[in-house]
Amino acid sequence: MRIRELLAVESIDLNAKAANKKEALDHAVDLMARSGKIGDVETYRNGVYAREEEGTTGIGEGIAIPHCKSDVVKAPGLAAMRVAGGVDFQSLDGEKADLIFLIAAPNTKDNVHLDVLSKLSVLLMDEKFTNDLRNAKSVEEFLHVIDVAESAKDVEEAKEAPAKTETKGGRLILAVTGCPTGIAHTYMAAESLEKKAAELGYRIKVETRGSGGAKNVLTRAEIAEANCIIVAADTQVPMERFDGKPVIECKVADGISKAEELIKRAINGDAATYHASNKEAANRNDNEKDSVGHQIYKHLMNGVSHMLPFVVGGGILIALAFLIDGFSVDLNSLPMDQRSNFGTITPVAAMFKSIGGAAFGFMLPILAGFIAMSIADRPGLAVGFVGGAIAANGTSGFLGALVAGFLAGYVVLLLKKICSKMPESLEGMKPMLIYPVLGIFITGVIMTYVVEPPIGALNTLINNGLNGLNGASAILLGALLGGMMSVDMGGPVNKAAYVFGTASIAAGNYNIMAAVMVGGMVPPIAIAIATLVFKNKFTAEERKAGPTNFIMGLSFITEGAIPFAASDPLHVLPSCVVGSAVAGALSMAFNCTLMAPHGGIFVFPTVGNPFMYLVALAIGSVVSAVLLGVLKKNVA
């Protein structure tokens, strides 16, 4: 695909008139609409405005590249206009923009056009190219200038390809560029940094994080060798890999307009050392593909992270409804046929229960929808939602929603592969028609007739088994879940136990959530106690930080213990696991219940048997603190 294929003749105006930026954007959108590539012009126009509010697309030197990536874009396109006298675009250099290119990008994973758009962005940094565009006498000459420059750029890139991968000799600077839309500024900043580094005589490698994904990805060996890393980005960049290296962080616009300054800062050592919060992530080889297990975990956590706000918000409101009725009504005095209405008896409680129930009802569709979206991007979202709703309305529940999320994601991926050979003119139909219709139908049929019967039976069996737990079996389950909360303190094992607890709330097994939360509260509290009682086991810095873990532990923030566990995992982790297991087992033994999925001490009013719950927390914390005092070695 070439630039000429994206830029239609009818979308070029070499004699445009505009008094201000809004008029220029409106005229550019109207030019784009003439190409027939926009399904909903006003939605696209609002998207262009929204992108401009994030930061000006006026890059300086009289050039502006407004852009929008949207579902209403049926096919990638360009519009171009020259404005005599220019328009104030709040450009980076303060100059008016007289040469404006508008980009329309479809919101799909098929990003062939992005290479073309990035090439245009880079060409616009060539002064001769832009002067030729300004001097073109006709639309045909305008297009000819673009064709000649693009062909020359292709030849140049083919020659430079081996050089860009060269990593021997000289001082090495690394850079990462990225902008919210990932179309223009990402590649312009990369080009500017590469050119300036070459002029100054330094080697550089730039990783671009555009809409088509990360390209020219930095390797672990290159990061180790680099003198400095420049991160010129207005979007999220994986930073853990730069742990211990000098890093300059700035806006992507600075990568375009202040490239020389950034290169000189990097060489002169004018950069702070970056410290990653997660050492394990820093040791991961970013060039290696994720294992199947890690991919599954990543997709699952995407669903869980989006689900939790609904679970926490809805669950706490439902718990408050029961608490309000508990203070207002004597349950034992109610007739048996009204006891099932507990939580909705008083008007205030009924209001809390209604709102909380509405939020809680989104739990399974959200879980399935965002698992599917993680797998298949946005086209998977609607399909996953429907699969999750089928699970929620059927008998398969939480387990069915998990299956629905992965099923929907891979169904959409299959549809994308099947539809990849369709003509480009039908590109806009895929996300708006083909994927949702066929995806929802296929997923719905499989969920209804294949997944629901066996998973529903299994889910019923599990819930009946959990409801029937008592005595030793319940205590063992509490010990297992409590201990899991301390194994990796926020990692996969911890998350597995927590998700199991939140799913149990939906099934009415409130004692399980109580064991899970008390297990997660123990590690920070135990460490806080140990730093006060066994001072010779901790450094001065750890002793100062220790008491803050009381607050974290009481708030159910297990991650507060991570720095202590990271410095001495062989002694800290076993100590915390044992104490958490004891607390979880005691919570089960005391028949404590919890209807709120988060909140720590702040939701203790909703705990069943709260005094004994505090006892379980205290005993578990003391057990872990004593073990820390016994197992940890003295520090000088």
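Nothing here was measured: the structure is a model prediction, and the numbers come from that model.

Caption draft 1: Expanded view of the overall build of the protein chain. Per the secondary structure count, the protein chain includes 26 helices and 14 strands. Contacts in the protein chain between residues at least 24 apart in sequence constitute 73% of all its contacts with a sequence separation of at least 6. When the accessible area of the protein chain is evaluated, it comes to approximately 28100 Å², of which 60% is carbon and sulfur surface.

Caption draft 2: Layout of the packing of aromatic side chains. Throughout the structure, instances matching the rule amount to five aromatic pairs. Between Phe101 and Phe142, the ring centres sit 6.1 Å apart and the planes meet at 25°, which makes this aromatic pair stacked. Here Phe101, found in strand E6 (residues 97–106), pairs with Phe142, found in helix H6 (residues 139–164); they are 41 residues apart in sequence, far enough to count as distant. When the centroid spacing of 6.0 Å and the interplanar angle of 50° are considered together, the rings of Tyr498 and Phe556 count as tilted. Highlighted residues: Tyr498 in helix H20 (residues 492–506) and Phe556 in the loop between helix H23 (548–554) and helix H24 (562–567), separated in sequence by 58 residues.

Caption draft 3: Summary view of the pairing of strand E5 (residues 77–87). Among the 11 residues in E5, nine count as buried, and that is most of the element. Summarising the sheet, strand E1 (residues 7–16) and E5 pair through four bridges and their orientation is parallel. Across the sheet, Ile12 pairs through a bridge with Ala80, a residue of E5. For E5 and E6, the ladder comprises seven bridges, and the chain directions are antiparallel. The partner of Met81 across the bridge, within E6, is Ile100.

Caption draft 4: Representation of the packing of helix H15 (residues 363–376) against helix H17 (residues 397–419). At a minimum axis separation of 8 Å, H15 and H17 run at an interaxial angle of 30°. In terms of their interaxial angle, H15 and H17 are classed as roughly parallel. Viewed along their axes, H15 and H17 form a crossing whose handedness is right-handed.

Caption draft 5: Representation of helix H25 (residues 569–589) within the structure. In this model H25 runs 29 Å from its N-terminal to its C-terminal C-alpha over 21 residues, within 8% of the 30 Å that 1.5 Å per residue would give. Considered for burial, the residues of H25 that qualify are Val572, Ser575, Cys576, Gly579, Ser580, Ala581, Ala583, Gly584, Ala585, Ser587 and Met588. Downstream of H25 by a residue or two, Asn591 has a phi angle that is positive, lying close to 60°.

Caption draft 6: A look at the side chain of His67. Mapped onto the elements, His67 comes out in strand E4 (residues 67–70). A distance of 3.2 Å separates polar atoms of two side chains, one belonging to His67 and the other to Arg51. Among the polar contacts made by the side chain of His67, one reaches the main-chain carbonyl oxygen of Ile65 at a distance of 2.8 Å.

Caption draft 7: Structural view of unusual backbone geometry. Despite not being glycine, Asp377 shows a phi value in the positive range, around 65°. Position of Asp377 relative to the elements: it lies in the loop between H15 and helix H16 (379–393).

Caption draft 8: Expanded view of the pattern of salt bridges. Here the structure, examined in full by the defined rule, presents 18 salt bridges. Salt-bridge contacts for Asp26 lead to Lys22; the nearest nitrogen and oxygen are separated by 2.9 Å. Within this pair, Asp26 and its partner Lys22 are both found in helix H2 (residues 21–34), separated by four residues, close to a single helical turn. Under the relative-accessibility criterion, Asp26 is labelled buried at 16%. In this structure, Lys195 and Glu191 form a salt bridge, with 3.9 Å as the shortest nitrogen-oxygen distance. One end of the pair is Lys195 and the other is Glu191, both in helix H7 (residues 185–200) and four residues apart, which spans about a single turn. A single salt-bridge network, built from bridges that share partners, covers Lys22, Asp26, Asp30, Glu42 and Arg45.

Caption draft 9: Geometry of a negative patch on the surface. Taken together, the side chains of Glu61, Asp93, Glu95, Asp126 and Glu127 make up a negatively charged region of the molecular surface. Looking at where Glu95 falls in the secondary structure, it is placed in the loop between E5 and E6. Residue classification places Glu95 among the partly exposed positions, given a relative accessible area of 49%.

Caption draft 10: Up close: the confidence of the model for the protein chain. Overall, the predicted model of the protein chain reaches an average pLDDT of 81, with 86% of residues at or above 70. Element-level pLDDT for the protein chain is lowest in helix H11 (residues 279–282), with a mean of 41, against a maximum mean of 93 in helix H26 (residues 610–631). Of the regions scoring below 50 in pLDDT, residues 161–169 engages in seven contacts with residues more than four places distant in sequence or in other chains.

Caption draft 11: Up close: the environment of Thr593. With respect to the helices, strands and loops of the structure, Thr593 is situated in strand E13 (residues 593–594). Residue Thr593 is classed as partly exposed on the basis of its relative accessible area of 25%. Every residue in contact with Thr593, bar those within four places of it in the chain, is listed here: Tyr510, Asn511, Ala514, Thr606, Val607 and Gly608.

Caption draft 12: Seen up close, a nonpolar patch on the surface. Nonpolar side chains collect at one region of the surface, where Met429, Met432, Leu433, Val437, Leu438, Phe441, Ile442, Val445, Tyr449 and Val450 lie side by side and expose about 970 Å² of accessible area between them. Within the secondary structure, Leu433 sits in helix H18 (residues 429–467).

Calculation criteria
Residues numbered from 1 in each chain as written. Predicted model: local features only at pLDDT ≥ 70, side-chain atom pairs only at ≥ 80, totals over all residues. Heavy atoms only, no water. Helix = DSSP H or I, 4+ residues; strand = E, 2+ residues; numbered from the N terminus. Contact = heavy atoms within 4.5 Å. Areas by Shrake-Rupley, 256 points an atom, 1.4 Å probe, with all protein chains shown as cover. Phe/Tyr/Trp six-rings, centres within 6.5 Å; stacked < 30°, edge-to-face > 60°. Buried < 20%, exposed > 50% of the residue type's maximum accessible area, 1.4 Å probe, protein only. Pairing = 2+ DSSP bridges. Axes fitted to C-alpha atoms, helices over the stretch in contact; angles between N-to-C directions. Parallel < 35°, antiparallel > 145°, perpendicular 65-115°, else oblique. Left-handed = near helix turned anticlockwise from the far one by under 90°. Expected span 1.5 Å × (residues − 1). Polar contact = N/O pair within 3.5 Å; in protein donor to acceptor, adjacent residues only side chain to side chain. Salt bridge = Lys/Arg side-chain N within 4 Å of Asp/Glu carboxyl O. Patch = residues over 30% accessible without salt bridge, like charges linked within 9 Å, V, L, I, M, F, W, Y side chains within 5 Å. Lys, Arg positive; Asp, Glu negative; His and termini not counted. Charge placed at Lys NZ, Arg CZ, Asp CG, Glu CD. pLDDT = per-residue confidence, 0-100.

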